[in-house]
Amino acid sequence: GIPGRSVTLDDLPLRDALRGKSPYGAPQLQVPVVLNTNENPHPPSQALIDDVAKAVAAASEELHRYPDRDAVGLRSDLAAYLSSATGVELSVDNVWAANGSNEILQQILQAFGGPGRSAMGFVPSYSMHPIISDGTQTEWVPAYRADDFSLDAEQAVAAIAEHRPDVVFVTSPNNPTGGSVPLDDLRAIIGAAPGIVIVDEAYGEFSSQPSATALIDEFGSKLIVSRTMSKAFAFAGGRLGYLAAAPAVIEALLLVRLPYHLSVLTQAAARAALQHAPETLGGVAAIAAERDRVVAALAGMGYDVTPSDANFILFGDFADAPATWQRYLDRGVLIRDVGIPGRLRATIGLPAENDVFLTVSAELADTDR
Ligand code: PMP
């Protein structure tokens, strides 16, 4: 048998805060149409694959050495990209990178959260925010969105004034509901916050709203903008997240990061992929157009669809969302049950995948609502 198999989680001296909690768990199933983790459906081009392979081969000559601990070349490239994408001039000193924006968020909480401190988010939002809070012993304080899932800035400011959280998460566009937060609402929230505000812009490239990077100069001691190459950049498998903030924020993160956290292979592959930004991001407009097509088709079937600035949509109203999720899966379409009663989330895929999704949606429109 497997050594140690008789030991259960209950037998372990686990921290109390982690008892009874569930790990992050989007199912990874082999089905024809996978629309459950908000990836970019466009596979990398052959030119990008070739350049990544070349860069990784060259970097492999240095595998006996530790990588650049501070990833200066990669951060310079990211700063150049973000400057051109957002119109806000950022330097290498404004940018930090890690293995996915989840690691970015974890490092931020290691530095600015922790025992005796709290983090607030406006739910429903990204499920990892409370999980990373638990993992860093930061008390999680949920505040709430309006009934239509929009973020009411006045209510957000009131919740911040009441709880005085050390860290505030604002996800824009919000996962799983899709809406962005306008800059003036962000200004009000950052102004009210006693500590750090993380604007999680994982889906920023899909949004028509300006990036919060425009506010870094105004709110340097409080604002961190988190980004990722997992979504618009079609680099989820490469694991590269980053942030923009005042240089002092990056100095703070150097205190908690593990040395050499970004391998030479990751740094080389990410830099090669970034060189293809114009072509990769060309796909963003196609995804947005597909999103608008899917939203219109679902609305035509009588579904209630939450307005989305991202590459996914939240829709319903289902009598029994978990049962409907299973019926999509039975028909070869994997979408996401994010735990919101009556609602399911679907990532926008390739046109043919969206067609299958819409065919199943039409089939279930009469029976499942
Ligand atoms: N933030 C949000 C809002 C997300 O939806 C995700 C991915 N689902 C992430 C952060 C983390 O993505 P990654 O670690 O791949 O950068």
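Residues numbered from 1 in each chain as written. Predicted model: local features only at pLDDT ≥ 70, side-chain atom pairs only at ≥ 80, totals over all residues. Heavy atoms only, no water.

## Overview of the pairing of strand S6 (residues 196-200)
Part 1: Here S6 lies mainly inside the structure; 5 of its 5 residues are buried.
Part 2: As paired elements, S6 and strand S7 (residues 223-228) share 4 bridges and run parallel to each other. Its bridge partner lying in S7, Val199 is registered against Val225. (Buried < 20%, exposed > 50% of the residue type's maximum accessible area, 1.4 Å probe, protein only. Helix = DSSP H or I, 4+ residues; strand = E, 2+ residues; numbered from the N terminus. Pairing = 2+ DSSP bridges.)

## A closer look at the sheet that holds strand S10 (residues 312-316)
Part 1: Read across the open sheet, the 3 strands follow the order S9-S10-S12; overall the sheet is antiparallel. The open sheet has two edge strands with one neighbour each: strand S9 (304-305) and strand S12 (343-347).

## What to know about the site of the ligand
Part 1: Near the ligand lie 13 residues; those nearest to it are Ser101, Asp200, Tyr203, Thr228 and Ser230.
Part 2: The backbone of Ser101 places a nitrogen or oxygen atom 2.7 Å from an oxygen atom of the ligand.
Part 3: Interatomic distance of 2.6 Å between a side-chain N/O atom of Thr228 and an oxygen atom of the ligand.
Part 4: Protein coverage of the free-state accessible area of the ligand, which is 400 Å², stands at 94%.
Part 5: For the shell around the ligand, the element with the most residues is helix H3 (residues 100-112), which contributes 3 residues.
Part 6: Along the lines of polarity and charge, the residues of the shell around the ligand split into 3 nonpolar, 7 polar and 3 charged. (Near = heavy atom within 4 Å. Polar contact = N/O pair within 3.5 Å; in protein donor to acceptor, adjacent residues only side chain to side chain. Areas by Shrake-Rupley, 256 points an atom, 1.4 Å probe, with all protein chains shown as cover. Nonpolar A, V, L, I, M, F, W, Y, C, P; charged D, E, K, R; others polar.)

## Comments concerning helix H10 (residues 321-330)
Part 1: Regarding H10, the residues found buried are Ala321, Thr324, Trp325, Tyr328 and Leu329. Mapping the buried residues of H10 onto a view down its axis gives an arc of 145 degrees, with all of them on the same face.
Part 2: Its buried side turned inward, H10 meets S10, strand S11 (333-334), S12 and helix H11 (351-364). (Arc of directions from axis to C-beta. Contact = heavy atoms within 4.5 Å.)

## Section: the sheet that holds S6
Part 1: In space, the 7 strands of this open sheet follow the order S2-S8-S7-S6-S5-S3-S4, with mixed pairing throughout. On the outer flanks of this sheet lie strand S2 (95-98) and strand S4 (139-144), each paired with one strand and no other. Within this sheet the neighbouring strands show an average axis-to-axis angle of 25 degrees, counted without direction.
Part 2: Here 5 bridges tie strand S5 (residues 167-171) to S6, and the two strands are oriented parallel to one another. Considered in S6, the bridge of Phe169 is made with Ile198.
Part 3: Seen against the sheet, helix H7 (residues 247-254) touches S2, S7 and strand S8 (241-245) and runs at an angle of roughly 135 degrees to S8. (Axes fitted to C-alpha atoms, helices over the stretch in contact; angles between N-to-C directions.)

## What about helix H6 (residues 183-192)?
Part 1: Looking only at H6, the buried set comprises Leu183, Leu186, Ile189 and Ile190. Seen end-on, H6 carries its buried residues on one side only, within an arc spanning 120 degrees.
Part 2: For H6, the secondary structure elements touched by its buried residues are helix H5 (153-163), S5, S6 and S7.

## Describing the UniProt feature "modified residue: N6-(pyridoxal phosphate)lysine" (unreviewed entry) in the chain
Part 1: Following the UniProt record, one finds the feature "modified residue: N6-(pyridoxal phosphate)lysine" (unreviewed entry) at Lys231.
Part 2: For Lys231, the location among the structural elements is in the loop between S7 and S8.
Part 3: Overall, Lys231 belongs to the buried group, its relative accessible area being 14%.
Part 4: Setting aside chain neighbours within four positions, we find Lys231 in contact with Thr37, Asn38, Asn40, Ala202, Tyr203 and Phe206.
Part 5: Within the local environment of Lys231, its side chain forms a polar contact with the backbone oxygen of Thr37, the two atoms lying 3.3 Å apart. (UniProt positions renumbered as here; feature names shortened; annotations may be inferred.)

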